[in-house]
Number of protein chains: 2
Amino acid sequence: MAAANNGEDCMHVLVTGAAGMIGRKLVERLAEEGRIGGAEITRATLHDIVAPQAPSFAPFTVESIAADFADPAVPARLVSGKPDLIFHLAAIVSGEAETDFDKGYAINLDGTRRLFDALRALGDDGTYHPRIVYASSVAAFGAPLPDLIDDEFLQAPLTSYGTQKVIGELLLTDYTRKGIFTGIGIRLPTICVRPGKPNKAASGFFSNIIREPLAGHEAVLPVDESVTHWHASPRSAIGFMMHAATLDSEKIGPRRNLNMPGVRATVGEQIEALRRIAGENVVARIRREPDEMIRAIVGNWARGFSPKRALALGFTADESFEAIIRTHIEDELGGEFVR
Amino acid sequence: MAAANNGEDCMHVLVTGAAGMIGRKLVERLAEEGRIGGAEITRATLHDIVAPQAPSFAPFTVESIAADFADPAVPARLVSGKPDLIFHLAAIVSGEAETDFDKGYAINLDGTRRLFDALRALGDDGTYHPRIVYASSVAAFGAPLPDLIDDEFLQAPLTSYGTQKVIGELLLTDYTRKGIFTGIGIRLPTICVRPGKPNKAASGFFSNIIREPLAGHEAVLPVDESVTHWHASPRSAIGFMMHAATLDSEKIGPRRNLNMPGVRATVGEQIEALRRIAGENVVARIRREPDEMIRAIVGNWARGFSPKRALALGFTADESFEAIIRTHIEDELGGEFVR
């Protein structure tokens, strides 16, 4: 890295989808650190469908842009300031991409491709070569799945969202290979404990059964305790992104998309961890209410990974499901919960 | 299938890329058979960048369309007659897609997607649901590769062509899952013996070293005899397409793209087979001229497959490399060769 008074280590960061849960936490982390990979962050462009906010203590200039990523003019506008580092998080989520076919493709595929093509156009003079960290998902995989998915298992998504994410991964790889930018895709585990209100996502219960009881509310468990899943805390997810932003690109090689490490736990193990940390009263707020539809959906999901490449590249996950719960209590509840 | 005098079994077939080597042979086969899956072929729409020809004996009405598949209006025009069965072969080949980035994406990705979207628009009333057979390629795979690639090995292409083909596969799968059409993608092995003149494709020598000596010409072998590859004759490739067109779709399941069977042979085994069939004089026309660039390219290619799904679904390949050579002599040389 260049010396601190050299212009080269002033960094301009773009975050698309910066108002989402991960986006907000990422921007907060960038603001706290003020630097990334030895470079000072001097400028941040934050995009989302609503104007994203940066923390007031952010030590860099912030431009907040509210724009529809499906608008063909938007991706080029977002990168017009030639950001050095791009976190591309903007996406239509799984459920909406499934019900609104056109919108999912317009944002997740066309938007992503336009972003990549805008970077290509800017780089045509040979002086611009940004790094892009692309948020992909375990939705890249579809049943039948092995008990542990290794780094060479095929991407055969069973949703439009997963399809669009994998297409983004393929474009990322090809554009990187062509020298247009340095792309790294990270397939995020299910984020747990997801803060905020219970939502209707089929995966919502994995977080609901921890977050709601800790807040003194009842939570519904729609599946058996034997259901096994792959989790990462929001803090770990942000750690993955920060690591992907600074990692030696050469070490990644031609396969640019990585399965992230996580914590493998059955729902029963999740509940046991909650019991150890918070006690029986809290656990008693979980109400069993089997839902055949959710059981069927979850039955097609990844149960675990053997993410050797990511581990070798230095990505680290939470230590245990207990650690995930403690992180939630620390980061979201100020260290307290409703006993 | 419906009875012969029922309107339902009159079939309209569209072939995109019908003037290419595989396209021409497919149309010839359709003309010879006159029927497919118990239905009479009454109409064929043949497309390519130059007007494709059907054999004069074809027992169906032929519409020949010369049009650039990159033209946004073309895919919808090609399907406007609501073909029941589509063989989608139109593509920019590997070398050209690598040197002309925009053209490769315009035809292989955008053209394919527009074709699929045109079918979607036509099917909006719920009465149109065609079958589409999509020609994909072993270029879907990229090194490092196992000795035998199984049906669960990831698609990690190392070329723009491979990337575009895999994106087509993913779209085919998602559109099929959404009920827009019935799609089947077949990953063709290297076609050998490819008729015609030697070309500059890096894979050309696999065919050149058989075809040219049999025609009395010298051929250049740029790699070691230990190089191992996966071959199918043109006749087998057409057989795959015909089988994909009539196969029970339910049996395929959600993963719509299949590795095709083939013949695994080292270059040394290819030459041995030629010697057994045609003798030493013919083999002596192969001249060793090592080419480091071609060696490096070929080193990244698939050496073989374990195509269990395709075999279980009834796809069949040539019996041996000798059979591939005999097929070439029979189909292309009228049973004769230059001793």
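Here the structure is a predicted model, which means the values were calculated and not measured.

S.K.: So what's going on with the environment of Trp230(B)? Residues and values would help.
M.R.: Residues and elements named next belong to chain B. Mapped onto the fold, Trp 230 is located in strand β10 (residues 228-232). Each C-alpha atom, one on Trp 230 and one on Ala 139, is 12 Å from the other, the two residues being 91 residues apart in sequence. When neighbours within four sequence positions are excluded, Trp 230 is seen to be in contact with Pro 189, Thr 190, Met 260, Pro 261, Gly 262, Val 263, Arg 264, Arg 303, Gly 304, Phe 305 and Pro 307. Engagement of the side chain of Trp 230 in a polar contact is seen with the backbone oxygen of Met 260, the distance being 3.1 Å.

S.K.: Any details on the sheet that holds strand β12 (residues 263-266) of chain B? Residues and values, ideally.
M.R.: Residues and elements named next belong to chain B. Spatially, the 3 strands line up as an open sheet ordered β8-β10-β12, and their pairing is mixed. If you trace the sheet from one side to the other, it starts and ends with β8 (190-191) and β12, each paired once. The sheet contact formed by β8 and β10 spans 2 bridges and is parallel. Its bridge partner lying in β10, Ile 191 is registered against Ala 232.

S.K.: Residues and numbers for the environment of Phe305(A), please.
M.R.: Residue and element names in this part refer to chain A. With respect to the helices and strands, Phe 305 occurs in the loop between α11 (292-298) and α12 (308-312). Distance from Phe 305 to Pro 146, taken between C-alpha atoms, is 9.0 Å for residues 159 residues apart in sequence. Setting aside its immediate chain neighbours within four residues, Phe 305 contacts Val 138, Phe 141, Leu 148, Ile 149, Trp 230 and Asn 259.

S.K.: So what's going on with the interface of chain A and chain B? Residues and values would help.
M.R.: Taken together, the contacts link 33 residues of chain A with 33 residues of chain B. For the pair chain A and chain B, the summed buried surface comes to about 3000 Å²; carbon and sulfur atoms form 54% of the total. Taken as a group, Phe101(A), Leu170(A) and Arg255(A) account for 20% of the area that chain A buries against chain B, more than any other trio of residues on that side. Joining chain A to chain B, the criterion identifies 8 salt bridges. The residue Lys178(A) makes a salt bridge to Glu98(B) at a minimum N-O spacing of 3.4 Å. Where chain A touches chain B, the interface holds 22 residue pairs in polar contact (both at pLDDT 80 or more). Contributing elements (two or more residues each) for the side of chain A that touches chain B: α4 (101-122) and α5 (160-177) of chain A. No other element matches α5(A), which puts 9 residues into the side of chain A that touches chain B. The residue makeup of the side of chain A that touches chain B, split by class, is 17 nonpolar, 5 polar and 11 charged.

S.K.: Summarise the sheet that holds strand β8 (residues 190-191) of chain A; cite the residues concerned and give the values.
M.R.: All names here are of chain A. Taken in spatial order, the 3 strands of this open sheet run β8-β10-β12, and their pairing is mixed. Pairing within the sheet leaves two strands with one partner each, and these edge strands are β8 and β12 (263-266). As judged from the 4 bridges shared by strand β10 (residues 228-232) and β12, these two strands associate in the antiparallel manner. Paired with Thr 228 across the two strands is Thr 266, which belongs to β12. Helix α9 (residues 267-278) contacts β10 and β12 of the sheet and is inclined by roughly 95° relative to β12.

S.K.: Could you give an account of the relation of the copies chain A and chain B, with specific residues and numbers?
M.R.: Superposition record for chain A on chain B: RMSD 0.0 Å, screw rotation 180°, translation along axis 0.0 Å. Here the symmetry operator amounts to a two-fold rotation axis. Every residue of chain A has its C-alpha some distance from the rotation axis, and the shortest such distance is that of Leu154(A), at 1.8 Å. Here 100% of the contact residues of chain A are again contact residues in chain B; the copies associate through an equivalent surface.

S.K.: Break down the UniProt feature "domain: NAD-dependent epimerase/dehydratase" (unreviewed entry) in chain A for me, with residues and values.
M.R.: In this numbering, the UniProt entry assigns the feature "domain: NAD-dependent epimerase/dehydratase" (unreviewed entry) to residues 13-220 of chain A. Between the C-alpha atoms that bound residues 13-220 of chain A there is a distance of 40 Å. The span itself is 36% helix and 21% strand.

S.K.: How would you summarise helix α5 (residues 160-177) of chain B if you had to cite specific residues and measurements?
M.R.: Residues and elements named next belong to chain B. The terminal C-alpha atoms of α5, which comprises 18 residues, lie 26 Å apart, in line with the 26 Å expected from a rise of 1.5 Å per residue. Counted residue by residue, α5 has 17 buried out of 18 residues, so it is predominantly covered. Gly 179 occupies a position one or two residues after α5 and carries a positive phi of about 80°.

S.K.: Run through the domain arrangement of chain A, naming residues and quoting values.
M.R.: All names here are of chain A. Split by domain assignment, chain A resolves into domain 1 (9-189 + 234-259) and domain 2 (204-230 + 262-305 + 313-332). For domain 1 and domain 2, the distance between their C-alpha centroids amounts to 27 Å. Summing the contributions of domain 1 and of domain 2, the shared interface buries around 1800 Å²; its carbon and sulfur component is 59%. If you sort the residues of domain 1 by the area they bury against domain 2, Asp 147, Arg 235 and Phe 240 come out on top, with a joint share of 27%. Counting the contacts that link domain 1 with domain 2 gives 5 salt bridges. For the salt bridge of Arg 264 with Asp 147, the shortest nitrogen-to-oxygen distance reads 2.8 Å. Between domain 1 and domain 2 we count 9 residue pairs in polar contact (both at pLDDT 80 or more) in total. Ranked by residue count, the leading element in the side of domain 1 that touches domain 2 is helix α7 (residues 234-246), at 5 residues. The residue inventory of the side of domain 1 that touches domain 2, partitioned by class, reads 15 nonpolar, 4 polar and 4 charged.

Calculation rules
Residues numbered from 1 in each chain as written. Chains lettered and ligands numbered in written order. Predicted model: local features only at pLDDT ≥ 70, side-chain atom pairs only at ≥ 80, totals over all residues. Heavy atoms only, no water. Helix = DSSP H or I, 4+ residues; strand = E, 2+ residues; numbered from the N terminus. Contact = heavy atoms within 4.5 Å. Polar contact = N/O pair within 3.5 Å; in protein donor to acceptor, adjacent residues only side chain to side chain. Pairing = 2+ DSSP bridges. Buried area = accessible area lost by both parts, 1.4 Å probe. Salt bridge = Lys/Arg side-chain N within 4 Å of Asp/Glu carboxyl O. Nonpolar A, V, L, I, M, F, W, Y, C, P; charged D, E, K, R; others polar. Axes fitted to C-alpha atoms, helices over the stretch in contact; angles between N-to-C directions. Least-squares fit on C-alpha atoms with pLDDT ≥ 70 in both. UniProt positions renumbered as here; feature names shortened; annotations may be inferred. Expected span 1.5 Å × (residues − 1). Buried < 20%, exposed > 50% of the residue type's maximum accessible area, 1.4 Å probe, protein only. Domains from an automatic or database assignment.

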